[in-house]
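Architecture at a glance
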Amino acid sequence: MAKLYFRYGAMNSGKSTGLLQAAFNYEERGQRVLLAKPHLDTKGADEIVSRLGVARGVDFLIPHDAGLRRLFARHAHADAEGSLFDAEDAVRLAREVPPVACLLIDEAQFLTEEQVDDLLRIAVVDDVPVLAYGIRTDFRTRSFPGSARLMDIAHALEELKTICRCGRKAVFNARLVGERVVFDGDQVAIDGEDVRYESLCADCYLHVSDGRLG
């Protein structure tokens, strides 16, 4: 049985880089992968962009209200140009297009709980490994719904580490507007769209927030 993996970390912990490396590893061995990310993540448009400067287009974007298993099946059964298999061509296309060896999801925190449940079904029922990458909490230290559900049901959890300004392990994501740390606003504000983020350890986060959490 394939498994659902959640690889999480604070901002700048190498999540997108790790995803692109995993995709490369599969493809180097002649295996087919699908890459996707939530439509809500507008950074890079339809690309996954690593902070190291590496970028790659996704195979599909995930609308907020989409059934993710159905969306995966649609793209898993499409040829390289995106044309869907029809029944008459099924045997021929099965020979020409290999099965999907892995589904890789970037910015998984933006998924809904129902979409995360579909990731588990893709792994268990469809027998396709799923690697989901994302951050665990928002700028107020509150869990994203997608991340919380992944923590609930993923077969394996892996923390990707990065460091705080003080050199200790960063665990929180402070939101900055200009040079000012803010604690009000929508849960989702994409990095680069009038705001930026800094990864901080718990001690430095409490220092800049005057002891505030949430």
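The coordinates are above.
Residues numbered from 1 in each chain as written. Predicted model: local features only at pLDDT ≥ 70, side-chain atom pairs only at ≥ 80, totals over all residues. Heavy atoms only, no water.

Concerning the pattern of salt bridges
Within this structure, the stated rule accounts for 11 salt bridges. Note that D41 is salt-bridged to K37, the shortest N-O span being 3.3 Å. Owing to a relative accessible area of 0%, K37 belongs among the buried residues under this scheme. We note a salt bridge from R69 to D126, for which the minimum N-O separation is 2.8 Å. With a gap of 57 residues between them, R69 in helix α2 (residues 68-76) and D126 in the loop between α4 (113-124) and β7 (130-134) connect regions that are remote in the sequence. Via salt bridges that share partners, D117, R149 and D152 belong to a single interconnected network. (Salt bridge = Lys/Arg side-chain N within 4 Å of Asp/Glu carboxyl O. Buried < 20%, exposed > 50% of the residue type's maximum accessible area, 1.4 Å probe, protein only. Helix = DSSP H or I, 4+ residues; strand = E, 2+ residues; numbered from the N terminus.)

Focus on the packing of α4 against helix α5 (residues 145-153)
It is the contact of α4 with α5, at a shortest axis distance of 8 Å, that shows an interaxial angle of 35 degrees. Seen from above, α4 lies across α5 with right-handed handedness. Side by side, α4 and α5 meet where E113, V116, D117, L119 and L120 of the first sit next to P145, G146, R149, L150 and I153 of the second. In terms of residue class, the contact of α4 with α5 is built from 6 nonpolar, 1 polar and 3 charged. (Axes fitted to C-alpha atoms, helices over the stretch in contact; angles between N-to-C directions. Left-handed = near helix turned anticlockwise from the far one by under 90°. Contact = heavy atoms within 4.5 Å. Nonpolar A, V, L, I, M, F, W, Y, C, P; charged D, E, K, R; others polar.)

So, the environment of V33
With respect to the helices and strands, the residue V33 is situated in strand β2 (residues 32-38). The class for V33 is buried, based on a relative accessible area of 5%. Spatially, the C-alpha atoms of V33 and P99 are 8.6 Å apart, while their sequence positions differ by 66 residues. Apart from the residues within four sequence positions on either side, V33 is in contact with A23, Y26, E27, R56, D59, C102 and L104.

The quantities given are spatial measurements derived from coordinates; they are silent on function.
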